[in-house]
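Examination of the molecular architecture
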Amino acid sequence: MSAASPTIPVDTLVPVEIHPDVALVARAKEGDTAAFEQLVRQYDRQVFRVAQHITQNREDAEDITQDAFLKAYEKLDQFQGNSKFSTWLVRIAVNESLMRLRKRKTSKTVSMDENVQTDEGSIPRDFADWSPNPEQQFGTSELGDILRKTIQGLPPGFRTVFTLRDIENLSTEETAEALGLSVPAVKSRLLRARLQLRERLSRYFRQTKTEGPKP
Amino acid sequence: MTCTDFLSQLTDYFDGQIDAELLAEVQGHIAECHHCHVVLDTTKQTIEVYRDNEIYDFSPELQSRLHATIMSRCREVKVR
């Protein structure tokens, strides 16, 4: 009688997927600058975009992008691979951006549109439908101006959550981790950010003609 | 479900993190309340229009310049 070892169903042998970034980070840790260069190439746009969204300042965004990558390089040993490399990098960029904002808090405050006062829990006031596609109403540059202007008017805390969650596609948990916030706090800020932004955009995108009652 | 209840569920609704019973309530409310239907639709469009449009210029020139500076600074760190 053979002492057969218990067989493991094939479908339980799930191969562990290793993210390509993990190998690049490992090589970079060993001094392979080309590997780190590859990571820079992959994520420079994302880091710049996050910094630009948070600071609303192009020069700051350029400086932050450089500083964030340098800091990441210097601290590669601290990256344990518990989160995605991109999330870790974005967290560094967010910290650098917020630090930059704090430094110039007296010099340039973010503009607030006067007629938007949506408080948490309040029901948005603008109920106008938009045309089927806002992008069809405006040229690329005009739409870009509108999007920049409206997001610039958000309080930095809301703008940051919206940027990470809705533009950079971080999960709620990753956003919470990057900002040192609780998950409920992220959800609350995200709701407020989305509704405020929607209301600001409504000025541009609302339909001007009535299409008749909806069922 | 009231409009305020609907709003409080909006984030979870977008994230698909809402249980079946509540989902049915939300959908029932949207079907009946035109205002909330519009809020849902225009909020969704808000997210999409931002997600789909690169609103800050990141030219190849800027990328090259950043790239060169970053790698130059990294190599300095390595030398030390």
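Residues numbered from 1 in each chain as written. Chains lettered and ligands numbered in written order. Predicted model: local features only at pLDDT ≥ 70, side-chain atom pairs only at ≥ 80, totals over all residues. Heavy atoms only, no water.

As annotated in an unreviewed UniProt entry, chain B carries the name Putative zinc-finger domain-containing protein and is attributed to Granulicella sibirica.

As named in an unreviewed UniProt entry, chain A is RNA polymerase sigma factor, taken from Granulicella sibirica. A UniProt comment under Sequence similarities (unreviewed entry) is attached to chain A, and it reads "Belongs to the sigma-70 factor family. ECF subfamily." (UniProt positions renumbered as here; feature names shortened; annotations may be inferred.)

The subject of this paragraph is the environment of N57 of chain A. Residues and elements named next belong to chain A. Positionally, N57 belongs in the loop between α2 (33-55) and α3 (58-74). Sequence-wise, N57 and L101 are 44 residues apart; in three dimensions their C-alpha atoms are separated by 9.8 Å. Those residues in contact with N57 that sit more than four places away from it in its chain are Q52 and R104. Within polar-contact distance, the side chain of N57 engages the backbone nitrogen of E59 at 3.0 Å. (Helix = DSSP H or I, 4+ residues; strand = E, 2+ residues; numbered from the N terminus. Contact = heavy atoms within 4.5 Å. Polar contact = N/O pair within 3.5 Å; in protein donor to acceptor, adjacent residues only side chain to side chain.)

Let's shift gears to the side chain of T160 of chain A. Residue and element names in this part refer to chain A. Within the secondary structure, T160 sits in helix α7 (residues 156-167). Within polar-contact distance, the side chain of T160 engages the backbone oxygen of P156 at 2.7 Å. For T160, the residues in contact, after removing those within four places along its chain, are I54, V94, L98 and L179.

Residues and elements named next belong to chain A. For chain A, the assigned domains read domain 1 (20-107) and domain 2 (140-210). Just the C-alpha atoms count here: the centres of domain 1 and domain 2 sit 22 Å apart. Listed per partner, the contact involves 14 residues of domain 1 and 15 residues of domain 2. In total, domain 1 and domain 2 occlude about 1,300 Å² of area from one another, counting both sides; carbon and sulfur atoms represent 59% of this. Of all residues in domain 1, H53, Q56 and R91 give up the largest surface area on contact with domain 2, accounting jointly for 40% of the area buried on that side. Counting the contacts that link domain 1 with domain 2 gives three salt bridges. Put simply, domain 1 and domain 2 have five residue pairs in polar contact (both at pLDDT 80 or more) between them. Taken together, the elements giving at least two residues each to the side of domain 1 that touches domain 2 come down to α2 and α4 (85-103). The dominant element in the side of domain 1 that touches domain 2, judged by the number of residues it contributes, is α4, at seven residues. (Domains from an automatic or database assignment. Buried area = accessible area lost by both parts, 1.4 Å probe. Salt bridge = Lys/Arg side-chain N within 4 Å of Asp/Glu carboxyl O.)

One pair of aromatic rings is described through two measures. These are the centre distance and the angle between the planes. All names here are of chain A. For the coordinates displayed, the defined rule picks out eleven aromatic pairs over all chains. Between Y43 and F85, the ring centres sit 6.1 Å apart and the planes meet at 50°, which makes this aromatic pair tilted. Residue Y43 is found in helix α2, and its partner F85 is found in helix α4; the two are separated by 42 residues along the sequence. Residue F85 is classed as buried on the basis of its relative accessible area, which comes to 3%. (Phe/Tyr/Trp six-rings, centres within 6.5 Å; stacked < 30°, edge-to-face > 60°. Buried < 20%, exposed > 50% of the residue type's maximum accessible area, 1.4 Å probe, protein only.)

It is worth spelling out the confidence of the model for chain B at this point. Residue and element names in this part refer to chain B. Scored by pLDDT, chain B has a mean of 91; 96% of the residues are at 70 or more. Element-level pLDDT for chain B is lowest in helix α4 (residues 60-79), with a mean of 89, against a maximum mean of 95 in helix α2 (residues 20-32). Interface confidence for the predicted complex, given as ipTM, is 0.90, next to a pTM of 0.82. (pLDDT = per-residue confidence, 0-100.)

Further remarks concern the interface of chain A and chain B. Contact with chain A, which involves 58 residues of that partner, is made by 43 residues of chain B. Interface area for chain A against chain B, summed over the two sides, is near 4,800 Å², with a carbon-plus-sulfur share of 61%. Interface area lost by chain A to chain B is led by Q66, F127 and R194 of chain A, which between them contribute 13%. Between chain A and chain B we count nine salt bridges in total. Between K187 of chain A and D12 of chain B there is a salt bridge; the shortest N-O distance is 2.9 Å. Per-element accounting of the side of chain A that touches chain B gives the leading share, eleven residues, to α2 of chain A. Here the residues of the side of chain A that touches chain B sort into 25 nonpolar, 15 polar and 18 charged. (Nonpolar A, V, L, I, M, F, W, Y, C, P; charged D, E, K, R; others polar.)

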